[in-house]
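# Structural features, examined
Given next are the chains, with one letter for each unit.
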Amino acid sequence: MAKRKLSNSREAVRRRKAFFSFMVIFGVLVVAAVCVVLLISALSQVENVKTLRIEAMEYSKIEALPTQSELTEQRHLDEMKQIDKIFSQQGAQPIEEVIQTPYFVLFDSTDQKVLFSKDADVRAFPASTTKVLTAALVAKYADEETIFTAGDEQDMVSAGSSLANIQKGQQLDRDMVIDALMLPSGNDAAYLAAAVVGRIIADDKTLSAEKAVQVFVDEMNRTAESLGCKNTHFTCPDGFHDEEHYTSAMDLMRITVFSEDFPEVAASGAKTHRDLNYLTGEAISWSNSNKLITEGSGYYYPYATGLKTGMTEKSGFCIIASAERFGHELVIVSLGCDDSNVRYNECIALFDEGFAYIRDQQENETAGEEAEAGNESEDDGAGEDAPAME
């Protein structure tokens, strides 16, 4: 009995040892399996990282997409290329007229067609018609919240200038400045605009008046060049006479077309009068010198819509004029006329010629369409009356 008990006890110990050994081995296998799984997972992560790096390298080779401003600029350049083709066209123009003004262009901005020109690529002095570009750059770079405070740039205004009566310390908003340029043709407004916008362009509020104005004038020349102007150079924002400040009638037409991108400029050029108070409280009144839009002036043209006059002793009498009729806008650039009255009379005569041409073209098109419709009706009727084929 004692031997059997001892044998049973030894058997129990042996089983416990065997079970313990099994559990140890099982545990080791489990740990090994877990390690294998973790190793496989780690290797997989490394491979993913390599793949991501490769994809990132490939992605970096792709050129960055253009920004909205770049797309807008490209569209503008494409438009200007098209305009350049229009203004560069040679050959006969539909209107023939004998005029006294030495440099002249009549342009149909609706159909993008030059209707008449005279020595349009010859250099001439633009006087205050320069301010159309000045106003356009104000509209381009300044927003409605921009405050224009008159300062030392007022000391740069030449004696004998046309003025909007702006004094140092007075404050204007953007639309006031544009009106001060376009209605009374204020050279003081031109220098105020150039100083403030020049600092905006340079992104430097500390620029002196002289440096800020120069930044602005540089931008005028860059803009003219980008528009395809070939006979233009500006030295000031107001057009006060300088032998190195010149353009041509065709170049000034390019600039006028550019200004149409900014409705504020055309809206200002269409005003005959404005009463206002500066932001600093001073009351002021301005009147437009363009007699084509002023009733009772003796040269009022009922279809005229603007835009800007100019005159110096060296430039003669100049005007950029616009008018609308028959669904078309016509624009005139006239430079170097010897007489103010002749300037207006020739604008009226050429506008009438231009609109007569447009009316005739429209009537011819209508007659052609009616004739074509009549022919189609006759063809249809003949088909109905013809005997059936057997």
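Now for a description of the structure that goes with this document. The structure presented is a predicted model; accordingly, all values stated were derived computationally and were not measured.

The element strand E1 (residues 103-108) is extensively covered by neighbouring structure, given that 5 of its 6 residues are classed as buried. Bridge count between E1 and strand E9 (residues 328-337): 6 bridges; the pairing is antiparallel. Within E9, the residue paired with Asp108 across the bridge is Leu330. Pairing analysis gives 5 bridges linking E1 to strand E2 (residues 113-118), with the strands arranged antiparallel. When the sheet's bridge partners are listed, Val105 is paired in E2 with Ser117. Adjacent in sequence and paired antiparallel, E1 and E2 are bridged by 4 residues, among which Gln112 carries a positive phi angle near 55°.

Glancing now at the environment of Cys347. Following the sequence through the fold, Cys347 ends up in helix H9 (residues 340-385). Remark: the alpha-carbon pair of Cys347 and Thr101, spanning 246 residues in sequence, is separated by 9.9 Å.

Applying the stated criterion to the full structure yields 11 salt bridges. As a salt-bridge pair, Arg222 and Glu219 come within 2.9 Å of each other at their nearest N and O atoms. Here Arg222 pairs with Glu219, and both are found in helix H6 (residues 209-226), just 3 residues apart, close to one helical turn. Its relative accessible area of 45% is what places Arg222 among the partly exposed residues. Taking relative accessible area as the criterion, Glu219 reaches 8% and is therefore assigned buried.

On to the sheet that holds strand E8 (residues 316-325). Ordered by their spatial adjacency, 5 strands build an open sheet running E2-E1-E9-E8-E7, and the pairing between neighbours is antiparallel. Edge positions in the open sheet fall to E2 and strand E7 (304-312), since each of these has one partner strand only. On average, adjacent strands in this sheet sit at an angle of 5° to one another, irrespective of strand direction. With 8 bridges connecting them, E8 and E9 associate as antiparallel partners. The partner of Glu324 across the bridge, within E9, is Glu329. Sheet strands touched by helix H7 (residues 249-259): E1, E2, E7, E8 and E9. Its angle to E9, the strand with the most contacts, is close to 140°.

Time to look at the state of the cysteines. Applying the stated rule across the entire model yields 0 disulfides. Here Cys337 is not cross-linked by a disulfide; its sulfur's nearest cysteine counterpart is in Cys347, at 8.6 Å. Residue Cys337 is classed as buried on the basis of its relative accessible area, which comes to 2%.

The subject of this paragraph is the pairing of strand E6 (residues 283-287). Regular strands show a simple pattern: their side chains alternate between the two faces of the sheet. Burial along E6 is one-sided: the residues Ile284 and Trp286 are buried and none of Ala283, Ser285 and Ser287 is. Counting the residues in the hairpin turn of strand E5 (residues 273-277) and E6 gives 5 residues, including Gly281, whose phi is positive at 105°.

The final tally for this structure, using the stated rule, is 9 aromatic pairs. Both rings, one in Tyr301 and one in Tyr303, keep their centres 5.6 Å apart while their planes meet at 75°; by these two values the pair is edge-to-face. Ring centres 6.4 Å apart and planes at 75° place the aromatic pair Phe326 and Phe355 in the edge-to-face group. Of this pair, Phe326 sits in the loop between E8 and E9 while Phe355 sits in helix H9, placing them 29 residues apart in sequence. Counting every residue linked through ring pairs, the aromatic cluster contains Tyr301, Tyr303, Phe326, Phe351 and Phe355.

The rules behind the values
Residues numbered from 1 in each chain as written. Predicted model: local features only at pLDDT ≥ 70, side-chain atom pairs only at ≥ 80, totals over all residues. Heavy atoms only, no water. Buried < 20%, exposed > 50% of the residue type's maximum accessible area, 1.4 Å probe, protein only. Helix = DSSP H or I, 4+ residues; strand = E, 2+ residues; numbered from the N terminus. Pairing = 2+ DSSP bridges. Salt bridge = Lys/Arg side-chain N within 4 Å of Asp/Glu carboxyl O. Axes fitted to C-alpha atoms, helices over the stretch in contact; angles between N-to-C directions. Contact = heavy atoms within 4.5 Å. Disulfide = S-S within 2.5 Å. Phe/Tyr/Trp six-rings, centres within 6.5 Å; stacked < 30°, edge-to-face > 60°.

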